[in-house]
Amino acid sequence: MVNFPDTRDSLSHLKIVDLKRLMESSLTNNQYIDGIRAGRLLGETLKAFRDASRTGKFEDPALQAAFDSGSLFKLSLAAAFDLVTNAEYLHGRVVNAKWIYCHREGEPPKAYYSFLKQCPKCCLDRGLEKRLSGAQHKPASHHIGEITTVVCALILELLATANDEPLSIATISKQSHDVDAIGYRDDLLVLFEIKASPMVTYPVVATLPEALHTDQSGDLEEYSQHSLIDMPWVDVDVSLAIPHRSEEIPLGKRSGVGWPYDPLIDHIRQPGNFLSYLSAWIELFNAYSVPKTRRSRRAMALSYLVNGWGDEIDSNKTKPGLGRTDDIKKGTYQLLKFGAYYRDDDSSIPVRGALVANLDPLFLRERYIDSLADVRWGHSRDFSLVDGEYRIRSNSLKYLYDAIISFNAPVINDEHMSSVFDFDAVSRALLDGKLDALLDVWSADGPDAAVSDADAGKLF
């Protein structure tokens, strides 16, 4: 059993007691997200990674290269984050209005429910056309924050369980609090600031049996290309589209509260299906990792499918992970605040802070992170001037970033954190089956406490 640390000898004891009061130990108990099914999908995704990776041999050269470089597990975490977030974006939030009608020559007509302002298929070979105002479907901002916090907390639980002295992970129930989540055991407390958003939000697609027409002054005319249409989708077979591979993940017809989690779980638990999804995701990741001015024509087209391309202003608001400089700045301040307000260097319990993101800033990292990654700081009261030199006790010299737990490229500075968040050790533990117990808990068919089937209609 993991106990909350006793911090009575800390000057920050009352602040820490308040955190304990607000913490939600059940990561799947959340009114804005079906946490039970989110955990189930994440568990099955990681099981598929485990089963697919045990031989260390992949037919896809990109997957093999990532495995050989030691980055495949990290990229799989980021890809799994996107998949679970995508599922929750759709869960109870797909509406009939404003689907994109697309009828390409020689192909059957289709309708796309998109999270971007362009046709997800035509932008690949025709470039970014006029933005389709109204075509972008996004959950409310506070819902997005709850979704990404829960998914990140589940992944943090995986990371924190794999070491010899595991941490318990809990979220903070008060949205306006300056701490998003905590990790704890009887000899350590970690405060998490989460800045996360998906790199890809895949569109839903329906293949139509025939062209759709509208009545124009008494004459029937086919809807113009990329018209926004009302789509009575509930009784229609739909899929999650992966446009750049011309692939689809079948979601079937909406069927109760388990949609779209249940069909996604059935699909992704097959290792081959998981590798296909991961390969497609890594192709987009590699394209987006290149600065805009250096992208090839193909990489530029692929990047149209990634959140944060599009218009210069509003697309910046959807950049994934730490892609927004505002999030880097806000996250950095929060870590300073954690050190200044929650840490007492004379306490027996170390308190540390970590910035958590599904992705690091990628091509912006050199400008905004690298030169600060090992910066350390201290209060003026902790320095003394001796023989013309300022001196400070080692335990009073704090890292600006004790850790940046970005799933694709973590930075771990503090010694307490390095033993907890060792990604390579987690990968080995996963492949060796040492995390099966946790994955089985996530994947178990537990009671659907968040939403009952009787209430399913209220979500749609």
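Let us look at the structure shown here. (Residues numbered from 1 in each chain as written. Predicted model: local features only at pLDDT ≥ 70, side-chain atom pairs only at ≥ 80, totals over all residues. Heavy atoms only, no water.)

Section: the overall build of the chain
Now for step 1: Assigned secondary structure in the chain consists of 14 helices and 19 strands.
Now for step 2: Here the chain has a C-alpha radius of gyration of 23 Å; the compact-globule value for 460 residues is 23 Å, and the two agree.
Now for step 3: Intrachain contacts of the chain at a sequence separation of at least 6 include 71% that bridge at least 24 residues.
Now for step 4: Carbon and sulfur atoms provide 48% of the accessible area of the chain, an area that totals close to 20300 Å².
Now for step 5: Computed over 51 positive and 65 negative side-chain charges, the separation of the two mean positions in the chain equals 4 Å. (Helix = DSSP H or I, 4+ residues; strand = E, 2+ residues; numbered from the N terminus. Rg over C-alpha atoms; globule rule 2.2 N^0.38 Å. Contact = heavy atoms within 4.5 Å. Areas by Shrake-Rupley, 256 points an atom, 1.4 Å probe, with all protein chains shown as cover. Lys, Arg positive; Asp, Glu negative; His and termini not counted. Charge placed at Lys NZ, Arg CZ, Asp CG, Glu CD.)

Section: the side chain of Glu 44
Now for step 1: Looking at the element boundaries, Glu 44 is found in helix H2 (residues 35-53).
Now for step 2: Not counting the four nearest positions on each side in its chain, Glu 44 is found in contact with Ile 265, Ile 268, Arg 269 and Ser 443.

Structural notes on the pairing of strand S4 (residues 168-172)
Now for step 1: The element S4 is extensively covered by neighbouring structure, given that four of its five residues are classed as buried.
Now for step 2: In this sheet, S4 lies alongside strand S1 (residues 23-24) in antiparallel orientation, the contact comprising two bridges. Bridging across to S4, Met 23 finds its partner in Ile 172.
Now for step 3: Both S4 and strand S5 (residues 181-185) contribute to a ladder of four bridges, which runs antiparallel. The residue bridging Ala 170 from the neighbouring strand is Ile 182, located in S5. (Buried < 20%, exposed > 50% of the residue type's maximum accessible area, 1.4 Å probe, protein only. Pairing = 2+ DSSP bridges.)

Comments concerning the nonpolar core
Now for step 1: Counting 106 residues, the largest nonpolar core has Trp 99, Leu 158, Phe 192, Trp 281, Ile 405 and Phe 421 as its most contacted members.
Now for step 2: A total of 13 residues in this core trace back to one element, the largest contributor, which is helix H4 (residues 72-90).
Now for step 3: Contacts of Leu 158, omitting those with residues within four sequence positions, involve Leu 46, Phe 73, Leu 77, Val 426, Leu 435, Leu 438, Leu 439 and Trp 442.
Now for step 4: One finds Ile 182, Val 351, Tyr 401 and Ile 404 within the second-largest nonpolar core, a separate group that totals 26 residues. (Core = buried A, V, L, I, M, F, W, Y, C linked by side-chain atoms within 4.5 Å.)

Concerning the environment of Lys 15
Now for step 1: Position of Lys 15 among the secondary structure elements: in helix H1 (residues 13-22).
Now for step 2: For Lys 15, a relative accessible area of 39% corresponds to the partly exposed category.
Now for step 3: In contact with Lys 15, not counting residues within four places along its chain, are Tyr 341 and Tyr 342.

Structural notes on the sheet that holds strand S12 (residues 247-252)
Now for step 1: Here we have six strands laid out as an open sheet, ordered S10-S2-S3-S7-S11-S12, and antiparallel in their pairing. Every other strand in the sheet has two partners, leaving strand S10 (228-229) and S12 as the edge strands with one partner each.
Now for step 2: Pairing of strand S2 (residues 99-102) with S10, which is carried by two bridges, proceeds in the antiparallel orientation. Considered in S10, the bridge of Ile 100 is made with Leu 228.

Points about the environment of Asp 440
Now for step 1: Inspection of the secondary structure puts Asp 440 in helix H14 (residues 436-443).
Now for step 2: When the C-alpha positions of Asp 440 and Pro 263 are compared, they lie 19 Å apart, and in sequence the two are 177 residues distant.

Digging into the pairing of strand S6 (residues 188-194)
The side chains of a regular strand alternate between the sheet's two faces.
Now for step 1: Counting buried positions along S6 gives seven out of seven residues, so the element sits mostly inside the fold.
Now for step 2: Where burial is concerned, the two faces of S6 agree: the one with Leu 188, Val 190, Phe 192 and Ile 194 and the one with Leu 189, Leu 191 and Glu 193 are both buried.
Now for step 3: Pairing between S5 and S6: five bridges, direction antiparallel. Paired with Arg 185 across the strands is Leu 188, a residue of S6.
Now for step 4: If you look at the hairpin formed by S5 and S6, you'll find two residues sitting between the two strands.
Now for step 5: With six bridges joining them, S6 and strand S13 (residues 351-357) adopt parallel strand pairing. Paired with Phe 192 across the two strands is Ala 354, which belongs to S13.

Concerning unusual backbone geometry
Now for step 1: A cis amide bond, omega 0°, links Trp 259 with the succeeding residue Pro 260.
Now for step 2: Tracing the backbone through its elements, the reader meets Pro 260 in the loop between S12 and helix H7 (261-268).
Now for step 3: Its identity is not glycine, yet His 226 carries a phi of approximately 70°, on the positive side.
Now for step 4: Secondary-structure assignment places His 226 in the loop between strand S9 (219-222) and S10.
Now for step 5: Here His 226 falls in the buried class, since its relative accessible area comes to 10%.

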